[in-house]
Structures are given as C-alpha cells and as structure tokens.
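# A closer look at the structure
These are the residues of each chain, in order.
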Amino acid sequence: NAGVTQTPKFRILKIGQSMTLQCAQDMNHNYMYWYRQDPGMGLKLIYYSVGAGITDKGEVPNGYNVSRSTTEDFPLRLELAAPSQTSVYFCASSPTTTGGRNQPQHFGDGTRLSIL
Amino acid sequence: DAKTTQPTSMDCAEGRAANLPCNHSTISGNEYVYWYRQIHSQGPQYIIHGLKNNETNEMASLIITEDRKSSTLILPHATLRDTAVYYCIVRVVLFSGGYNKLIFGAGTRLAVHP
C-alpha cells in the first residue's frame, strides 16, 4: 500500500533557490493538503485542494505556490527559498466528506528541507 | 474551532494502559474530537475520532465526558512503539463539499518505558 508518497525525503537549498516538493497519492482522494512543521511545534496548513484544478490558501501560504492538475498529484513550489522556510513538510490526503462525517487525513512521511 | 489543552508529556510502563487527557471546554455541539499521533520522523497517523459517544477501534478507545468538555484517549496495552506525540483536535463537522481542516497544537509527548 503506497498511500501518500513524498519526494525527496531530504533537501538542502541555498537562499534564493527554487524547488518543487512532490506529493502523490494512490487512494483516489479528492482532498489534498500541505503542512509545515517547525521543531517542537504542531503542523500548520500551507495550502489545500478539494479536487483537480481547485486550490486554496491555508494558514501560512506566503512564499509557496501549488497546483493540482490531476487527482493524484499535488506539488508544492518554493520560488525564492528563505531561511524561514527551513522546516519539515508533510502532504496529506482525505476522501470527500460524506454524510456530515469528516474523514481522517492520511499523511506522507515528510520532506526535511534546510535553507542555508 | 475549539481550542484544546493537553499535558506536555506523560510516561507509561510497557504493558500498562496509557490514558491521555484532553480538555476542550469551548467545544460546540457540532464539533468532533479527533486524535492523531506522530512517531518520531514520521507523518501524523490517525487514531480515532468521536462526537459524544465512546468509541473503540483496533488501536485505542476514546472516552468523551457527558458534557463533552474533556476526553481521554486510552491505549489499553502500551508498547514501546506507542512512544509518540499525541494530538487532540476538535473539528467542525463539514457536510459534503467541505474540507477537513485540522489545527494541530503541541500535543502530549508519551514515553513508554520497559
């Protein structure tokens, strides 16, 4: 069971560089999410998507961009890397809410990103 | 979304029950209580959720007080692999078309020792 797959697992960037964090899920989930987690803190939502072609901002979207061209993939792009973006990034997905009952989110194992 | 309060850390002996408390005194009638955990270096893992009745699954039990202002996650026979940070989250029920926004606090760091 692949679930949610994130690549790369680790990356070091220089200030000002750009990169794309990849996220793919094979569960046919409509909802996908990007979170960041700073040391000793809980997760904060960056962006989310409710389906292909539809994305929206979360709590901390500045400095990031997303796209959702397919149900399976939800890449996160950093255009101009800054030291404040050093963090662990988690991607998650969940099925469509049905019958008024929220569905749990399934998380990938994260990408550890350092900006130097 | 209601705010939750959890102890910063707890210890538990292997094989014993781990009881993790959570206060959510401002919870409203349509908010569920969710529990996730995060084992070191891994993504959060869903454990259980409930509205007002007690819930049980293969991983844990969730006990919600009658006034719904607090809850307890119970791991009946803790193992070393249960050492993790446990997050209690309350979330409004969303009907079809909504997304499942989760607000993570700092959680409780549970250490299971031999």
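Within every chain, residues take consecutive numbers counted from 1 along the sequence as written. For naming, the first written chain is A and the first written ligand is 1, with later ones following in the order written. Where local features are concerned, this predicted model is filtered to residues with pLDDT of at least 70; where side-chain atom pairs are given and counted, the filter is 80 or more; whole-chain, interface and lining totals use all residues. Hydrogens and water are ignored here; the side-chain numbers use all heavy atoms of the structure.

For the rest of this paragraph, the subject is the overall build of chain A. The number of helices and strands found in chain A is 0 helices and 11 strands. The helix and strand labels rest on DSSP assignments: H or I over at least four residues marks a helix, E over at least two residues marks a strand, and numbering proceeds from the N terminus. Beginning at the N terminus, the succession of helices and strands in chain A can be written as β-β-β-β-β-β-β-β-β-β-β. Over its C-alpha trace chain A gives a radius of gyration of 14 Å, about what one expects of a compact globule, namely 13 Å for 116 residues. Its C-alpha atoms put chain A at 45 × 30 × 30 Å along the principal axes. Out of the 116 residues belonging to chain A, those deemed buried represent 46%. It only takes one pair of heavy atoms within 4.5 Å for two residues to be counted as in contact. Taking the intrachain contacts of chain A between residues at least 6 apart in sequence as the baseline, contacts between residues at least 24 apart amount to 55%. As displayed, chain A offers around 5400 Å² of accessible surface, 52% of which is attributable to carbon and sulfur atoms. Our radius of gyration is a C-alpha quantity, and the globule rule it is checked against amounts to 2.2 Å times the number of residues to the power 0.38. Burial classes: relative accessible area under 20% of the type maximum marks a residue as buried, over 50% as exposed, and values in between as partly exposed (1.4 Å probe, protein chains only). Using a 1.4 Å probe, accessible areas were evaluated by the Shrake-Rupley method; residue-level cover was limited to the displayed protein chains.

Along its length, chain B carries 0 helices and 9 strands. Its helices and strands taken in sequence order, chain B reads β-β-β-β-β-β-β-β-β from the N to the C terminus. Here chain B, with 114 residues, has 46% of them falling under the buried criterion. For chain B, contacts bridging at least 24 residues in sequence account for 58% of all contacts bridging at least 6. As presented, chain B carries roughly 5700 Å² of accessible surface, and 50% of it is formed by carbon and sulfur atoms.

Residue and element names in this part refer to chain B. Here, any two strands with at least 2 DSSP bridges between them count as paired. Sheet architecture is open: 4 strands sit in the order β2-β7-β6-β5, paired in antiparallel fashion. The sheet is open, and its two borders are formed by β2 (18-23) and β5 (55-56), each paired with just one other strand. Bridge analysis of β2 against strand β7 (residues 70-75) gives 6 bridges, and the strand direction is antiparallel. By the bridge assignment for β7, Cys-22 is matched with Ser-71.

In this section: the environment of Ser-18 of chain A. Residue and element names in this part refer to chain A. Inspection of the secondary structure puts Ser-18 in the loop between β2 (10-13) and β3 (19-25). With relative accessibility at 32%, the residue Ser-18 sits in the partly exposed group. Remark: the alpha-carbon pair of Ser-18 and Val-60, spanning 42 residues in sequence, is separated by 18 Å. Beyond its immediate sequence surroundings of up to four residues, Ser-18 is in contact with Leu-13, Arg-77, Leu-78 and Glu-79. Looking at Ser-18, its side chain comes within polar contact range of the side chain of Arg-77, at 3.1 Å. In protein, a polar contact means a hydrogen-donor-capable atom and an acceptor-capable atom, both N or O and within 3.5 Å, with residues adjacent in sequence counting only if both atoms are side-chain atoms; elsewhere, any N or O pair within 3.5 Å suffices.

Right, let's talk about unusual backbone geometry for a bit. For the bond from Thr-7 of chain A to Pro-8 of chain A, the omega torsion is -10°, close enough to zero to count as cis. Looking at the secondary structure, you find Pro-8 of chain A in the loop between β1 (4-7) and β2. Not every positive phi belongs to a glycine, and Arg-68 of chain B is a case in point at roughly 65°. Mapping Arg-68 of chain B onto the fold places it in the loop between β6 (61-64) and β7.

Residues and elements named next belong to chain B. Among the nonpolar cores identified, the biggest contains 21 residues, and Trp-35, Leu-73, Tyr-86 and Leu-110 are the most heavily contacted of them. For this core, the secondary structure elements donating two or more residues are β2, β3 (31-38), β4 (45-50), β6, β7, β8 (84-92) and β9 (108-113). Counting residues per element, this core draws most heavily on β8, at 4 residues. Discounting residues that sit within four places of it in the chain, Tyr-86 has contacts with Gln-6, Leu-20, Trp-35, Tyr-36, Arg-37, Ile-47, Leu-73, Leu-75, Gly-107, Thr-108 and Leu-110. As used here, the term nonpolar core means buried Ala, Val, Leu, Ile, Met, Phe, Trp, Tyr and Cys residues forming a set that is joined through side-chain atoms within 4.5 Å.

What follows concerns the packing of aromatic side chains. Classification of ring pairs uses Phe, Tyr and Trp, with its six-membered ring standing for Trp, and accepts pairs whose centres are within 6.5 Å; under 30 degrees between planes counts as stacked, over 60 as edge-to-face, and the remaining range as tilted. Within the structure shown, the criterion is met by 10 aromatic pairs over all chains. For the ring pair Tyr-35 of chain A and Phe-104 of chain B, a centre distance of 5.9 Å and an interplane angle of 85° mean the geometry is edge-to-face. Of the two residues, Tyr-35 of chain A sits in strand β4 (residues 31-37) while Phe-104 of chain B sits in the loop between β8 and β9, which places them in two different chains. The class of Tyr-35 of chain A is buried, set by a relative accessible area of 0%.

None of this, on its own, says anything about what the molecule does.
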